[in-house]
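Fold and contact review
The lines below spell out each chain.
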Amino acid sequence: MRQYELVERVQRYNPHADENLLNKAYVYAMTQHGSQTRASGDPYFSHPLEVAAILTDLRLDDATIVAALLHDTIEDTPTTRDEIDAKFGHEIGALVEGLTKIKKLDLVSKRAAQAENLRKLLLAVSEDVRVLLVKLADRLHNMRTLEFVPADKRKRIAEETLDIYGPLAGRMGIQWMREELEDLAFATLQPGAYKMISERLKDRWDAAAPEVAEIEAALHEKLKKAGISADIKGRSKRPYSVWRKMELRAISFEQLSDIYGFRVIVDDVADCYRTLGIVHTSWPMVPGKFKDYISTPKQNDYRSIHTTVLGPGHQRVELQVRTRQMHDVAEYGIAAHVLYKEDGAPPRPNGKDTGKDANGAGTTQRKSAVESNAYKWLRQLVDMLAEGDTPEEFLEHTKLQLFQDQVFCFTPKGRVVALPRGATAIDFAYAVHTDVGNNAIGCKINGRLEPLISQLTNGDEVEILTAKDQTPPAAWESIVITGKARQSIRRAARSQIRTQYAGLGRKMLERAFTRAERTYSDERLAAVIARLGQSNVDDALAAVGRGEIPSDHVIRAIYPDHRDESVARDVVRGEAREEEDRSDEGWFGLRRAMGLKFRWPGRSARSKRRESEDGGAIPIRGLHGDLPVQFAPKGGAVPGDRIVGIMTPGEGITIYPIQSPSLKTFDDQPDRWLDVRWEIDPDDPERFPAVIGVRVLNEPGSLAEIAQIIGEQDANIDTVAMTTRAPDFTEMEIALEVWDLKHLSRTMALVKNAGVVNAVWRVNG
Ligand code: MN
């Protein structure tokens, strides 16, 4: 087909067609596809052109025809959506993108029988009914040229056509397309059966021809006499529908009746009923076959009178009587609505029309009318698609309503992931696999890097980026909306905490065993696990870490002859123990079980710098280390600070710089004090919290100046709080994140150097 032929075809039914737009699209698509060829060896461009031609048969609007010409450009050529938007407007851009998304469905069905999902997906992704119409035409042309495709691919495409596209065309009311799609698929999948049925249909038709001609002539005569002008067409049943009837009812071809019939097209509704009267008085009607879809139209707007009569030779002949307009609806289905709306404007369900549409009629008034139509239109489509008489179809109806609340996305390999509307990429990650969710660190949506908290939309292709040993932030729990993701995040948090406690437990045991001059090993612990009331080594270690099992118990479980000498040893060392709770049980036995040196609580203990005597102190690596650690809620602590740990059962260790006034609170709870030391991995640095106080002169821009200095020093500002506001100066506390004490001191010094700054000090809670 030539360029001018396409334009002519469109102009035949749409005199206002935008010739320039059609020509531009024709040339553009041809240029973009360039020298690409189809499996048949034809230039690739012949395909989109034929698809456009099919859509002119459906008499569709310019935008749809243009979208058909461009439908493979984004996927198969370097063309981008932006380019199409720029050249043809947003409306056409959206249609072509819809088609690009649907194209990925072909990948999906290759993997699994997901017909159910697929049909829903198709609807969800389309948004605009015209996308579906182009897709159907695309499939029809591919089916017509299927012989050139390799056998295995051929089979898959034919199956998909039979499962999805045929029924879809039917439900959209485009009968001829459904029949052609199904017959083509049937011929591909069951060539033997197709051949057999086609041949027999032809035989029967030939045999019945005289009788059919007789009826036709008689009918013509009678209608003419009654003054009814009618267009009468004889028709045979289609091979696939015959085959299905044979399969469904388990009958042989010979048992099939009414395999041919007439379609009588008249001028108006009154003539339909007059024709019916003439038919019924001329030939006996077959009971139970009469249906009046004129008084009660089908939900897809199909209107017609069906009846079956017994011909002279006792052949059953089916008759369909309808008006020209009813016939159009039956042939074009939903496409008939697209072109013929009362206001003459093609409906645009997605309402995203920029107004620069193909007909150049982009007034605001028109646009709002289109938008108000949008919802109605989509609903009508869904109703129509859901329409059906069988329980299965009813079931599907309910499912179709369900899918309104869902979004369907793809993995890069084309797997469909169905999620509730509002789901994020995190939900997607967990839906793919728990490990993917737990290790997620980022994502690409449609090839672009996006935050993991992004909400997904229909047809998004989502690629989750992962890193080993990553754990999900607890904050995700309130962001995700799927139960699976939420549970997994919770479980991961729990298991992370458990791991940290187990790590602490192991350190405590190793230390206690050394003190007791015994040897610790996981194997030895495993051997006595039942005696400790635990089910595995990790649980036992975590229980020790949480203070639920004193280290002594573990030592005695492994070495029944062990006597706790640590008390005596500590006394020998001259450390005061008198006031200490001697209970071996529970948390309060912990410190002693660990064999940690007793530290007098209070000012004197804190000020007495403990010589860095051994590795007995618990190494603190940071928030992401192997222990349940947190930092002084106010003031924090940074590597380089002299620190102590305060244990809180169930919460872990809180690290305080030794100068923290809060430590006084724990003076009377000596058992909660732990020896800790920094052990920072230089290869995996982490920032630590600290708070500084700053007194600045009230000058414009002073805060900005400070912020800049801090920023230049690569220190993060967490929060800034004004504490004192005097007429001439302001005091504030700035919560920072720094690498270590050196970093903090350098930053403080530079802040202090700033002209507006009067004083800088460290704040400790
Ligand atoms: Mn195509």
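Our structure is the block above this text.
Below is a summary of the structure that appears in this document. (Residues numbered from 1 in each chain as written. Predicted model: local features only at pLDDT ≥ 70, side-chain atom pairs only at ≥ 80, totals over all residues. Heavy atoms only, no water.)

1. Considerations on the overall build of the chain
Across its full length, the chain holds 30 helices and 20 strands. Split into buried and exposed, the 765 residues of the chain put 50% on the buried side. Nonlocal contacts in the chain, meaning residues at least 24 apart in sequence, comprise 67% of its contacts between residues at least 6 apart. When the accessible surface of the chain is totalled, it reaches about 35,600 Å², and 50% of it is carbon and sulfur. (Helix = DSSP H or I, 4+ residues; strand = E, 2+ residues; numbered from the N terminus. Buried < 20%, exposed > 50% of the residue type's maximum accessible area, 1.4 Å probe, protein only. Contact = heavy atoms within 4.5 Å. Areas by Shrake-Rupley, 256 points an atom, 1.4 Å probe, with all protein chains shown as cover.)

2. Digging into the pattern of salt bridges
Tallied over the entire structure, the rule returns 25 salt bridges. Close ionic contact of Lys155 with Glu159 constitutes a salt bridge, the shortest N to O distance being 3.1 Å. With Lys155 and Glu159 both in helix α11 (residues 151-171) and 4 residues apart, this pair spans about one turn of that helix. According to the relative accessible area criterion, Lys155 is partly exposed, its value standing at 47%. For Arg506, the salt bridge goes to Asp522, with nearest N and O atoms at 2.6 Å. In this pair, Arg506 sits in helix α22 (residues 483-515) while Asp522 sits in helix α23 (residues 522-527), placing the two residues 16 residues apart along the sequence. A relative accessible area of 26% places Arg506 in the partly exposed class. (Salt bridge = Lys/Arg side-chain N within 4 Å of Asp/Glu carboxyl O.)

3. Details of the coordination of the manganese ion
Looking at the metal site, the manganese ion is ligated by His47 (NE2), His71 (NE2), Asp72 (OD) and Asp138 (OD), spaced 2.2 to 2.4 Å from it. Mapping the donors of the manganese ion onto the primary sequence yields the spacing H-x23-H-D-x65-D. Remark: Asp138 occurs in helix α10 (residues 129-144) and His71 occurs in the loop between α4 (62-70) and α5 (73-76); sequence separation between them is 67 residues. (Donors = N, O, S within 2.8 Å, 3.2 Å for Na, K, Ca; no water.)

4. Some points on helix α20 (residues 425-432)
Residues that lie three or four places apart on an α-helix share one face, since the helix turns once every 3.6 residues. Within α20, 6 of the 8 residues are buried, which leaves it mostly tucked inside the rest of the structure. Here α20 has its buried residues at Ala425, Ile426, Asp427, Phe428, Ala429 and Tyr430.

5. Description of unusual backbone geometry
A positive phi angle is found at Arg59, which is not glycine, with a value near 60°. Residue class for Arg59 comes out buried when judged on its relative accessible area of 18%. In this model, Asp714 sits at a positive phi of 65°, which is unusual for a non-glycine residue. Note on placement: Asp714 falls in the loop between α29 (702-712) and β18 (716-725).

6. Details of the nonpolar core
Leu55, Ile65, Leu69, Leu70, Phe88, Ile92 and Met177 are the most contacted members of the largest nonpolar core, which has 91 residues in total. For Leu70, the contacting residues outside a window of four places in its chain are Ala25, Tyr28, Ala29, Ile84, Phe88, Ile92 and Val96. With 59 residues, the next largest nonpolar core counts Val544, Tyr559, Ile692 and Val756 among its residues. (Core = buried A, V, L, I, M, F, W, Y, C linked by side-chain atoms within 4.5 Å.)

7. A short note on the side chain of Ser488
Tracing the backbone shows Ser488 in helix α22. With a relative accessible area of 4%, Ser488 lands in the buried category.

8. Digging into the sheet that holds strand β3 (residues 291-292)
Judged by pairing direction, the sheet is mixed, and its 5 strands sit side by side in the order β1-β2-β5-β4-β3 without closing on themselves. The open sheet terminates on both sides in strands that have one partner only, identified here as β1 (231-236) and β3. Packing against the sheet, helix α16 (residues 324-332) makes contact with β1, β2 (260-266) and β5 (316-323), and its axis sits at approximately 105° to β5. (Pairing = 2+ DSSP bridges. Axes fitted to C-alpha atoms, helices over the stretch in contact; angles between N-to-C directions.)

9. As for the environment of Gly166
On the secondary structure map, Gly166 appears in helix α11. The exposure class assigned to Gly166 is buried, which follows from its relative accessible area of 0%. As a C-alpha pair, Gly166 and Arg139 span 27 residues in sequence and 9.7 Å in three-dimensional space. Those residues in contact with Gly166, other than ones at most four positions away along the chain, are Thr161, Arg178, Leu181 and Glu182.

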